[in-house]
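# Descriptive analysis of the structure
Here is how the chains run, residue by residue.
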Amino acid sequence: MVKRARGAGGENPAIWVGYGKLAKLFRTKKELTQQELADAVGYSCEQVASIEQGRRPAKAAFTEAAERVLGAGGVLAELQEDVDRAKLPKFFQDFASIEAEAVSRFDYDPLLVPGLLQTEGYTRSLFLSHHPPLDGETVDLHTEARLNRQRLVTKMPIVQLSFIVGEAALTNPIGSGEVMREQLQHLQHLLEVGGLRNVELQVVPSNAGYHPGLNGSFVLLETLEHRHYGYIETQEVGVVISDPAKVSALGLRYGKLRSQALDVEESARLIERLAGAT
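The present account deals with the structure reproduced in this document. These numbers were taken from a predicted model, which means no experiment stands behind them. Numbering of residues starts from 1 in every chain and runs along the sequence as written. Selection of residues for local features in this predicted model requires a pLDDT of at least 70, selection of side-chain atom pairs for listing and counting requires 80 or more, and totals for whole chains, interfaces and linings are taken over all residues. Processing note: side-chain calculations cover all non-hydrogen atoms of the structure and skip hydrogens and water entirely.

## Examining the environment of Val 153
Keep this limit in mind: Starting at the N terminus, helices and strands are each numbered in turn, a helix being any DSSP run of H or I of at least four residues and a strand any DSSP run of E of at least two. Two residues form a contact once any of their heavy atoms are found within 4.5 Å.
Topologically, Val 153 is positioned in the loop between helix 8 (136-149) and strand 4 (160-166). Separated by 36 residues in the primary sequence, Val 153 and Leu 117 place their C-alpha atoms 8.8 Å from one another. With residues up to four places along the chain from it excluded, the contact list for Val 153 reads Leu 116, Leu 161, Val 193, Leu 196, Asn 198 and Val 199.

And the structure:
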């Protein structure tokens, strides 16, 4: 779990505070003012101050520019992944740390498009629908963090990915009509992602009847060290499963779901039909 530290604007992740202190150290060594650094990287002075004080996390664009201007030697860039991870909901951060080391990841979700495949509008709508409501800054941070995780799809070395989704996840209207129009593009995006050689995308049709996924969504993951984990989540409670017997049981369920879902080609045809009807 990411530790929390008291920052200038309240309780902030320790990694943001540590990153900020290092950024300030590199800036002072270069004998630059906050305004001079802000001008050099295309940020406002207030934004630079917030980053240095650990009140706001640095985005990748800031880190890339700061590395160049400050000559940080890759130190800030090395921290960026941890900075991004701390933007995620706290209950998810433990699993996100494991996910970063994945060599394979299998995902089943009956009701929602998996996070690694969501558009920005779809993701933002989910966080805006949160109850109790989240403040705008938290919505922005969580949305950005989820989109950053999508780098796993094209990460090198290649991560083997499998997604099984319920048909309802592709037809359930999320957000405004504009978002759903975006979702048409997203369905087309799903077809493109499903065509990648490291990705398999299958759909469980609505008329599938009883199947072992009716108890809810779950994820299976294998790390670089060939350790196997499961993950289940509901109502802002996330549980990482490491017990071999329980992970094995999830693996058996996933295998059964694969056999009962439409195959990759049939799934692609269904998504094409849904895209045409949207």
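## What to know about the packing of helix 2 (residues 34-41) against helix 4 (residues 60-70)
Here is the rule we go by: For helices, the axis comes from a line fit to the C-alpha atoms of the stretch in contact; other axes are also lines fit to C-alpha atoms, and the angle between any two N-to-C directions lies between 0 and 180 degrees. Here a crossing is taken to be left-handed if its near helix is turned anticlockwise relative to the far helix by less than a right angle, and right-handed if that turn runs clockwise. Residues are grouped as follows: nonpolar covers Ala, Val, Leu, Ile, Met, Phe, Trp, Tyr, Cys and Pro; charged covers Asp, Glu, Lys and Arg; every other residue, Gly included, is treated as polar.
Remark: helix 2 packs on helix 4, axes separated minimally by 9 Å, with the N-to-C direction vectors making an angle of 115 degrees. Helix 2 and helix 4 meet at a crossing whose hand is right-handed. Note on element contacts: helix 4 touches helix 2 through Phe 62, Ala 65, Ala 66, Arg 68, Val 69 and Leu 70, opposite Leu 37, Ala 40 and Val 41. Residue classes in the contact of helix 2 with helix 4 are distributed as eight nonpolar, no polar and one charged.

## Side note on unusual backbone geometry
Following His 131, the chain continues into Pro 132 via a peptide bond in cis, with omega recorded as 0 degrees. Tracing the backbone through its elements, the reader meets Pro 132 in the loop between helix 7 (120-128) and helix 8. A cis amide bond links Met 156 with the next residue in sequence, Pro 157, at an omega value of -5 degrees. Here Pro 157 shows up in the loop between helix 8 and strand 4. Residues other than glycine seldom take positive phi values, yet His 226 does so here, at roughly 60 degrees. Among the secondary structure elements, His 226 is positioned in the loop between strand 6 (218-223) and strand 7 (228-234). A positive phi angle is found at Gln 235, which is not glycine, with a value near 45 degrees. Summarising the element assignment, Gln 235 is placed in the loop between strand 7 and strand 8 (237-241).

## A short note on a nonpolar patch on the surface
So the rule is basically this: Patch membership requires over 30% relative accessible area and the absence of a salt bridge. Like charges are linked within 9 Å, and nonpolar side chains (Val, Leu, Ile, Met, Phe, Trp, Tyr) within 5 Å. Throughout, the Shrake-Rupley method with a 1.4 Å probe supplies accessible areas, and for residues the shown protein chains are the sole cover considered. Should a side-chain nitrogen of Lys or Arg be within 4 Å of a carboxyl oxygen of Asp or Glu, the pair is scored as a salt bridge.
Taken together, the side chains of Ile 232, Val 237 and Val 239 make up a nonpolar region of the molecular surface, amounting to roughly 220 Å² of accessible area. Residue placement: Val 237 occurs in strand 8.

## Re the packing of helix 2 against helix 3 (residues 45-52)
Inclusion rule: For classification, angles of less than 35 degrees are called roughly parallel, those exceeding 145 degrees roughly antiparallel, those between 65 and 115 degrees roughly perpendicular, and all remaining angles oblique.
Packing of helix 2 against helix 3 leaves a shortest axis separation of 8 Å and a crossing angle of 110 degrees. As the angle between them shows, helix 2 and helix 3 are arranged roughly perpendicular. Of the residues in helix 3, those touching helix 2 at Gln 34, Gln 35, Leu 37 and Ala 38 are Cys 45, Val 48, Ala 49 and Glu 52. Here the contact of helix 2 with helix 3 is built from residues that sort into five nonpolar, two polar and one charged.

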